[in-house]
There are 2 protein chains.
Amino acid sequence: MTDSATTASVSPGHAHRNGKMPDPEPATRYHHGALPDALLSAARLILERDGVAALSLRAITRAAGVSHTAAVPHFGDLAGLLAELAATGMDELRAALVAADGTSRLIAEAYVFYAMDHAHMFELMFRSDLIDRNRPRYREAASALFAILAEPSHSSATVAQEEDKVKDGIYDMPDAARYTAAWGLVHGLAVLATDGRLDPLRSRLKDPVSRKELVRQAILSVPPLL
Amino acid sequence: MTDSATTASVSPGHAHRNGKMPDPEPATRYHHGALPDALLSAARLILERDGVAALSLRAITRAAGVSHTAAVPHFGDLAGLLAELAATGMDELRAALVAADGTSRLIAEAYVFYAMDHAHMFELMFRSDLIDRNRPRYREAASALFAILAEPSHSSATVAQEEDKVKDGIYDMPDAARYTAAWGLVHGLAVLATDGRLDPLRSRLKDPVSRKELVRQAILSVPPLL
DNA sequence: CCGGTAACTTTCCATTGGAAAGTTATGCTT
DNA sequence: AAGCATAACTTTCCAATGGAAAGTTACCGG
């Protein structure tokens, strides 16, 4: 087969910069109008359905109904496109952490659970060999994510104390060490869990529990770090 | 270019099953005699020099001076070969942990430092999309590695107590949670550090330190888990 | 000595990302 | 309102990949 199965054809969407409608419904048109979004949607679809390995330039463009080089003007190359997609994942993870507002343990849980609930996206987000980490969009999303983890407002100290500490975004070692440990813990748990690395242990459990429960207990076994 | 640069030609090695020397030095011979080892050596060379992305079947076989399908009889496919290579990495990491015998913090440090000192190998070891995790050699190496982390002998309890606990390799939840957290922490730190994810934070440090120092402080900021 | 089989090589193919060059439409300028 | 620069695409081409298939070579047990 040449394509067929993977052809999900993401619709154009129409959003010309000016309000002018370009044409009612010309089955296929040369200038797509909203290709970047269409490509990202198509890529997301493929990612969620078939995993990162299926994210080929050709599969994505095929799903969007364009030629396999059509992404170049917008994203440069595949790594550029995937970086933009990964950036949306970063945003979502960040939103999940913000939503889990509360104790540092709930934030930690939110990090790992997001990864488990969006394993493919999470993998893409940290596959440095696949994405162009220098894309501004990605850089900012990534740093905004870390900012949540390094936000001292979760701690027990007063607001005034903490606002003082974070001045100019400069950290002192005790804080940096704790943020690093916290990120390391949740990221490691996320990676191990989504990769099935915890299952051998889980199957040797006296009374078995779900992946998430094991992760939760693991987080609880560590005193709050933030 | 077709090859040249990547041609590192790993020497045959000679180890015919019987003691009989097959031929003094016939520049090239059809039956290599020790292809599996030669391929693994070549792969290791390429991995350490150029990273996992360079680990193509063709590059490896080229470096070993054989045709690009010569690995099939021995390893099945590329994922099989890489799994064997990754297994040796698992063994080395395990050895490093054993050598770091002592407090659980030193073991944790050894885990992360091995990853940082052998970043490419460490990446391969956990790239489930590249390796055939079902290969017995890999499975055993991986489980042996975890066994070190889950070895209660690092704790403060008596030998008798612990030997009792680990009976039949069945864990109860409190232990499992601690082992999971410990592995998560060191693995996460290893992944983040080797991927350069800690550098943005590091550059915002009041008084900068090396990657390793940051990692060490991070580990120290967490109470011993094992 | 000979036949079976494992260890290789050669050839072939589908798939990939990207470069290069051609085509089409858009919108800015006058 | 016309036309022209240019951005958004398509087509074609290429080198590289992993693996299947079929052909060769050499070892090894009888």
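Residues numbered from 1 in each chain as written. Chains lettered and ligands numbered in written order. Predicted model: local features only at pLDDT ≥ 70, side-chain atom pairs only at ≥ 80, totals over all residues. Heavy atoms only, no water.

A.B. asks: Sorry, what's going on with the relation of the copies chain B and chain A here?
C.D. replies: Two copies of one chain are present, and they are related through a rotation about an axis combined with an axial shift. Least-squares fitting of chain B to chain A yields an RMSD of 0.0 Å, with the superposition described by an axial translation of 0.0 Å and a rotation of 180 degrees. Taken together, the rotation angle and the small translation identify this as a two-fold axis. Both copies share a contact surface, since 100% of the interface residues of chain B are interface residues in chain A too. (Least-squares fit on C-alpha atoms with pLDDT ≥ 70 in both. Contact = heavy atoms within 4.5 Å.)

A.B. asks: I keep staring at the nonpolar core and nothing clicks. Help me out?
C.D. replies: Soluble globular proteins: nonpolar side chains tend toward being buried together. Judged by nonpolar contacts, the single largest core of 147 residues is most densely connected at Y111 and L124 of chain A together with Y111 and L124 of chain B. In this structure L124 of chain B touches L47, V52, L55, L82, L85, A86 and I131 of chain B, once residues within four positions along its chain are discounted. (Core = buried A, V, L, I, M, F, W, Y, C linked by side-chain atoms within 4.5 Å. Buried < 20%, exposed > 50% of the residue type's maximum accessible area, 1.4 Å probe, protein only.)

A.B. asks: What's the story with the packing of aromatic side chains in this structure? I'm lost.
C.D. replies: Pairs of aromatic rings are described using the distance from one ring centre to the other and the angle between the two planes. The full count for this structure, using the stated rule, is 8 aromatic pairs over all chains. An angle of 85 degrees between the planes, with centres 6.0 Å apart, marks the rings of Y111 of chain A and F122 of chain A as edge-to-face. Placement of Y111 of chain A in helix α5 (residues 104–117) and of F122 of chain A in helix α6 (residues 119–125) is noted, with a sequence separation of 11 residues between them. Aromatic side chains Y171 of chain B and Y179 of chain B sit 5.7 Å apart centroid to centroid with 80 degrees between the ring planes, which places their arrangement in the edge-to-face category. The residues Y171 of chain B and Y179 of chain B share a single accessibility class, namely buried. (Phe/Tyr/Trp six-rings, centres within 6.5 Å; stacked < 30°, edge-to-face > 60°. Helix = DSSP H or I, 4+ residues; strand = E, 2+ residues; numbered from the N terminus.)

A.B. asks: Explain the layout of surface pockets here, please?
C.D. replies: If a probe the size of a water molecule is rolled over the atoms, the empty space left behind becomes visible. Counted as a void, the largest pocket has a volume near 850 Å³. For the lining of the largest pocket, the elements supplying multiple residues, two or more each, are α6 and α9 (173–194) of chain A together with α6 (119–125) and α9 (173–194) of chain B. (1 Å grid on protein atoms, 1.4 Å probe; cavity = no way out; pocket = protein on both sides within 12 Å on 5 of 7 lines; lining within 4 Å. Points joined across faces, edges and corners; volume = space filled by probe spheres on them.)

A.B. asks: Is there a simple way to explain the side chain of T180 of chain B in this structure?
C.D. replies: Within the secondary structure, T180 of chain B sits in helix α9. T180 of chain B gets classed as buried once you look at its relative accessible area, which sits at 0%. If near-sequence neighbours (up to four positions away) are discounted, T180 of chain B is found in contact with L189, L198, L201, L214 and A218 of chain A.

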